[in-house]
Amino acid sequence: MNTDLSNRTCIITGANSGIGKATAIGLAKMGASIVMLCRDEQKGKNALKEIKDTTGNQSIELMIADLQDYDSIRLFAQNYKSTHDKLHILINNAGIMKKKRETNNIGHETTFATNYLGHFLLTNLLLETLQSSVPARIINISSGSHKRGKLDFDNLMLEQKYGRFKAYNNSKLANILFTYELARRLEDSGVTVNVVHPGAARTNFGREFSERTRKFLKLFKQFTVSAEEGAKTSIFLASSPEVENITGKYWIKCKQVKSSKNSYNTSIQKRLWNASKDLTSK
Ligand SMILES: NC(=O)c1ccc[n+]([C@@H]2O[C@H](COP(=O)([O-])OP(=O)(O)OC[C@H]3O[C@@H](n4cnc5c(N)ncnc54)[C@H](OP(=O)(O)O)[C@@H]3O)[C@@H](O)[C@H]2O)c1
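Owing to the predicted nature of the structure, the values given are computational and were not obtained by experimental measurement.

**A word on the pairing of strand S4 (residues 89-92)**
The two faces of S4 match: Ile89 and Ile91 on one face and Leu90 and Asn92 on the other face are all buried. Pairing of strand S1 (residues 9-13) with S4, which is carried by three bridges, proceeds in the parallel orientation. In the sheet register, Cys10 faces S4, and the bridge partner there is Ile89. Summarising the sheet, S4 and strand S5 (residues 136-141) pair through four bridges and their orientation is parallel. Bridge pairing links Asn92 to Asn140 in S5. With respect to chirality, the unit in which S4 leads through helix H4 (residues 110-131) into the neighbouring parallel S5 is right-handed.

**Thoughts on a nonpolar patch on the surface**
Among the surface-exposed residues, Leu217, Phe220 and Phe223 lie close enough to one another that they form a single nonpolar patch of about 300 Å² accessible area. With respect to the element layout, Leu217 can be found in helix H6 (residues 211-218).

**Here's the deal with the confidence of the model for the protein**
Per-residue pLDDT for the protein averages 96, and the proportion of residues at 70 or more is 99%. In the model of the protein, H6 stands out as the element of lowest mean pLDDT, 72, in contrast to S4, which has the highest, 99.

**Re the pairing of strand S6 (residues 191-197)**
Counting buried residues in S6 gives seven out of seven residues, a clear majority hidden from the surface. Residues Val191, Val193, Val195 and His197 line one face of S6 and the alternating positions Thr192, Asn194 and Val196 line the opposite face, and both faces are buried. Judged from the six bridges that link them, S5 and S6 form a sheet pairing that is parallel. Residue pairing across strands places Ile141 opposite Val196, the latter belonging to S6. With helix H5 (residues 164-185) bridging S5 and the parallel S6, this β-α-β connection has right-handed handedness. Taken together, the three bridges between S6 and strand S7 (residues 250-252) define a ladder with parallel strand orientation. From the neighbouring strand, Val196 faces S7, where its bridge partner is Trp251.

**Notes on the side chain of Ser276**
Within the secondary structure, Ser276 is located in helix H8 (residues 266-280). Once residues lying within four places of it in the same chain are set aside, the contact partners of Ser276 are Tyr116, Leu117 and Phe120.

**Some words on empty space enclosed by the protein**
One pass over the structure, following the stated rule, counts one cavity of 30 Å³ or more. Space inside the largest cavity adds up to approximately 30 Å³. Residue lining of the largest cavity: Arg137, Ile138, Ile139, Thr192, Asn194, Leu237 and Val243, and that is the complete set. For the lining of the largest cavity, the secondary-structure elements that each account for two or more residues are S5 and S6. Of all the elements, S5 adds the most residues to the lining of the largest cavity, at three residues. When grouped by side-chain class, the residues that make up the lining of the largest cavity number four nonpolar, two polar and one charged.

Thresholds, definitions, all that
Residues numbered from 1 in each chain as written. Predicted model: local features only at pLDDT ≥ 70, side-chain atom pairs only at ≥ 80, totals over all residues. Heavy atoms only, no water. Buried < 20%, exposed > 50% of the residue type's maximum accessible area, 1.4 Å probe, protein only. Helix = DSSP H or I, 4+ residues; strand = E, 2+ residues; numbered from the N terminus. Pairing = 2+ DSSP bridges. Right-handed = clockwise from strand over helix to strand, strands pointing away. Patch = residues over 30% accessible without salt bridge, like charges linked within 9 Å, V, L, I, M, F, W, Y side chains within 5 Å. Areas by Shrake-Rupley, 256 points an atom, 1.4 Å probe, with all protein chains shown as cover. Salt bridge = Lys/Arg side-chain N within 4 Å of Asp/Glu carboxyl O. pLDDT = per-residue confidence, 0-100. Contact = heavy atoms within 4.5 Å. 1 Å grid on protein atoms, 1.4 Å probe; cavity = no way out; pocket = protein on both sides within 12 Å on 5 of 7 lines; lining within 4 Å. Points joined across faces, edges and corners; volume = space filled by probe spheres on them. Nonpolar A, V, L, I, M, F, W, Y, C, P; charged D, E, K, R; others polar.

Structure, rendered in structure tokens:
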């Protein structure tokens, strides 16, 4: 049976590239109305055209926001809520890995701000709309590399000892801790929240890697999957009736799996929630 999402509205962050674009194409084929949250207008427009042309679905919209800039996220949420009554599916997909430490306009390390804090804020700003659209689903994109993450609450912004993998792994661990805490807060609300490792996928993700690293990674091509394959679990969680009531789980290849032991620590989950609330209220 083909799932019909024609009465469902979905926001996908980072929908102009890689797994996000493949997810948008998959859900557009099922008839969903899609709002693409992208930071670059031209890239967004090109992908919008491609998604409409590929799927024949004309209910695709582009809205610009930069996930490392909290004011831009607030403006996005305000614009979204003034033009849409409903939100059934939120896919927090956008992600980066910054080679050198950079900060946003309020001094937050960019990888952590984009991959995690921006999505924390976006989700919270859209929560009422999701709750008034139940059944609704939130899907966060993490990575298997969260297992190497370790949050030091005195150095969340990696002011000391920055490393690109360290920043990335921490942000991806935060995606999971956030998912579990939010799932508990939303218990029995009709809004589910799950988190995904998409697999090692051939996307634009390595754009900041050196030529040498990219050549090296090409040697492992047989261990990687296409963006379409990488999008399958997000599409499954967004659309399948099978998972309608499942919440607070970590998924790989459309199957529930265990995340790292650390990620189940409820006091870390709560501490991160409170810290994130403070950090994104600035
Ligand atoms: N590819 C993998 O092997 C792999 C493995 C595990 C997890 N993941 C996760 O999968 C997700 C998707 O990554 P991908 O592989 O599809 O990479 P990608 O092709 O580089 O796509 C990333 C998307 O995020 C957007 N983005 C980056 N910074 C943003 C910001 N500040 N505001 C708004 N959008 C922003 C990018 O926009 P621009 O095009 O404008 O830069 C792009 O649309 C990420 O969360 C990544 O961590 C990927």
